Amino acid sequence: MRIGDAAAAAGTTPRALRFYEQNGLLPPPRRTATGQREYTEWEVARVRVIRGLLALGLTVADLRECRDRLDLLDDDALPPYGGPGACARPSGVADRRLAALDDEIARLTRLRDRLAARIDTRTPPVRTGP
């Protein structure tokens, strides 16, 4: 299928498919005689996996570290460890992302608490007149 059809089947855009290819997450697809990209169901399924992992908070850089294992996904689990490039332990891609998310949550919680403290210490405006 052509790039527009493949993108639609994966729930994304042609631009995203080219981006994943440029970043090594998607192998270069076969080309027609006129140079148009042609995708298979396997590539569409891989794009769905990539999008799912990105939606979980992993980054493109994280996925590049384990791109050779993305096709081993089983439901929502990260690819098991099996040598260099694996996503799950002991490579630490997911663990590092979880730690980064925990740090960001802690930072945002502190920021929220500071803002709430400022709001709570304000005195209500004094009304004058009817």
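Our structure is the block above this text.
What counts, and where the lines are drawn
- Residues numbered from 1 in each chain as written.
- Predicted model: local features only at pLDDT ≥ 70, side-chain atom pairs only at ≥ 80, totals over all residues.
- Heavy atoms only, no water.
- Core = buried A, V, L, I, M, F, W, Y, C linked by side-chain atoms within 4.5 Å.
- Buried < 20%, exposed > 50% of the residue type's maximum accessible area, 1.4 Å probe, protein only.
- Helix = DSSP H or I, 4+ residues; strand = E, 2+ residues; numbered from the N terminus.
- Contact = heavy atoms within 4.5 Å.
- Expected span 1.5 Å × (residues − 1).
- Axes fitted to C-alpha atoms, helices over the stretch in contact; angles between N-to-C directions.
- Parallel < 35°, antiparallel > 145°, perpendicular 65-115°, else oblique.
- Left-handed = near helix turned anticlockwise from the far one by under 90°.
- Phe/Tyr/Trp six-rings, centres within 6.5 Å; stacked < 30°, edge-to-face > 60°.
- Salt bridge = Lys/Arg side-chain N within 4 Å of Asp/Glu carboxyl O.

Enquirer: Explain the nonpolar core here, please?
Expert: Nonpolar side chains in soluble globular proteins tend to end up buried together. In this structure, Leu-17, Tyr-20 and Leu-63 are the most contacted members of the largest nonpolar core, which totals 20 residues. Where this core is concerned, the elements lending two or more residues are helix 1 (3-10), helix 2 (14-22), helix 3 (41-55) and helix 4 (60-65). Apart from the residues within four sequence positions on either side, Tyr-20 is in contact with Leu-25, Leu-26, Val-47, Ile-50, Arg-51 and Leu-54.

Enquirer: For this particular structure, what's the right way to read the environment of Leu-25?
Expert: With respect to the helices, strands and loops of the structure, Leu-25 is situated in the loop between helix 2 and strand 1 (30-31). By relative accessible area, which is 0% here, Leu-25 ends up buried. As for Leu-25 and Val-47, which are separated by 22 residues in sequence, their C-alpha atoms are 8.5 Å apart. Residues in contact with Leu-25, not counting those within four places in the same chain, are Tyr-20, Arg-46, Ile-50, Val-60, Leu-63, Arg-64 and Arg-67.

Enquirer: Looking at this structure, I do not really get helix 3. What am I missing?
Expert: In an α-helix there are 3.6 residues to a turn, and that puts residues three or four apart on one side. Here helix 3 is 15 residues long and its end C-alpha atoms lie 21 Å apart, about the 21 Å a rise of 1.5 Å per residue gives. For helix 3, the full list of buried residues reads Glu-43, Val-44, Arg-46, Val-47, Ile-50 and Leu-53. Packing partners of the buried residues in helix 3 comprise helix 1, helix 2, strand 2 (37-38) and helix 4. Two residues or fewer past helix 3, Gly-57 is found with a positive phi of approximately 110°.

Enquirer: Honestly, the packing of helix 1 against helix 3 in this entry has me stumped. Any pointers?
Expert: Packed helix pairs are characterised by how far apart their axes lie and by the angle those axes make with each other. Axis separation between helix 1 and helix 3 bottoms out at 9 Å; the angle between their running directions is 45°. Judged by the inter-axis angle, helix 1 sits oblique to helix 3. For helix 1 against helix 3, the interelement crossing comes out right-handed. On the side of helix 1, the interface is formed by Ala-6, Ala-9 and Ala-10, while helix 3 contributes Val-44, Val-47, Arg-48 and Arg-51.

Enquirer: What is the right way to look at the packing of aromatic side chains in this model?
Expert: Aromatic ring pairs are defined here through the distance separating the ring centres and the angle between the ring planes. In the structure shown here, the tally under the stated rule is one aromatic pair. Centre to centre, the rings of Phe-19 and Tyr-20 are 6.1 Å apart; their planes meet at 65°, and the pair counts as edge-to-face. Taking relative accessible area as the criterion, Phe-19 reaches 38% and is therefore assigned partly exposed. Judged by its relative accessible area of 5%, Tyr-20 falls in the buried class.

Enquirer: For this particular structure, what's the right way to read the pattern of salt bridges?
Expert: Side-chain pairs of opposite charge can arise where the charged atoms are in close proximity. Counting across every chain of the model gives seven salt bridges. Here Glu-38 makes a salt bridge to Arg-30, at a shortest N to O gap of 2.6 Å. Asp-113 is paired through a salt bridge with Arg-112; the nearest N and O atoms lie 3.7 Å apart. The partly exposed category is assigned to Asp-113, whose relative accessible area is 43%. With a relative accessible area of 56%, Arg-112 lands in the exposed category. Salt bridges sharing partners connect three or more residues here, namely Arg-2, Arg-30 and Glu-38.

These results come straight from atomic positions and should not be treated as a statement about function.
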